[in-house]
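# Residue-level structure breakdown
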Amino acid sequence: QAPKMLACDHTFCASCCETLVASAHGGEGGHGNESGGRRHARITCPTCQTTTALPEEGGVSGLRTNKTVLTLLEVLGDHSSSNAAAALLLSPQRAG
């Protein structure tokens, strides 16, 4: 999964972003189409509640990719515990 950055700089996998967009827009994905026309889809960060407008072209896939996290995931992919490490990297952290 591509790690996508929101306007608040929090990072989530593209699949999770698609799920967030779909739940916010009544089951529609983050591709910007609704009833044949364009809509300005938004995604709300589940960590800080900041709203990010999705690019009109590309939807979630048009969001910036977090290249630092992507590199970490590639490095961790060489280790047997990569799935657990990736889940930890991409899960929202709550400040205590």
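Above: the structure in question.
Residues numbered from 1 in each chain as written. Predicted model: local features only at pLDDT ≥ 70, side-chain atom pairs only at ≥ 80, totals over all residues. Heavy atoms only, no water.

### Describing unusual backbone geometry
Not every positive phi belongs to a glycine, and D9 is a case in point at roughly 75°. Among the structural elements, D9 can be located in the loop between β1 (3-5) and β2 (11-13). Non-glycine residue Q49 carries a positive phi angle of around 70°. Secondary-structure assignment places Q49 in the loop between β5 (42-44) and β6 (51-53). (Helix = DSSP H or I, 4+ residues; strand = E, 2+ residues; numbered from the N terminus.)

### Let's talk about the pattern of salt bridges
Here the structure, examined in full by the defined rule, presents one salt bridge. A salt bridge links D9 to R64; the nearest nitrogen and oxygen atoms lie 3.3 Å apart. Of the two residues, D9 is situated in the loop between β1 and β2 and R64 in the loop between β6 and α2 (67-76); the sequence distance between them amounts to 55 residues. (Salt bridge = Lys/Arg side-chain N within 4 Å of Asp/Glu carboxyl O.)

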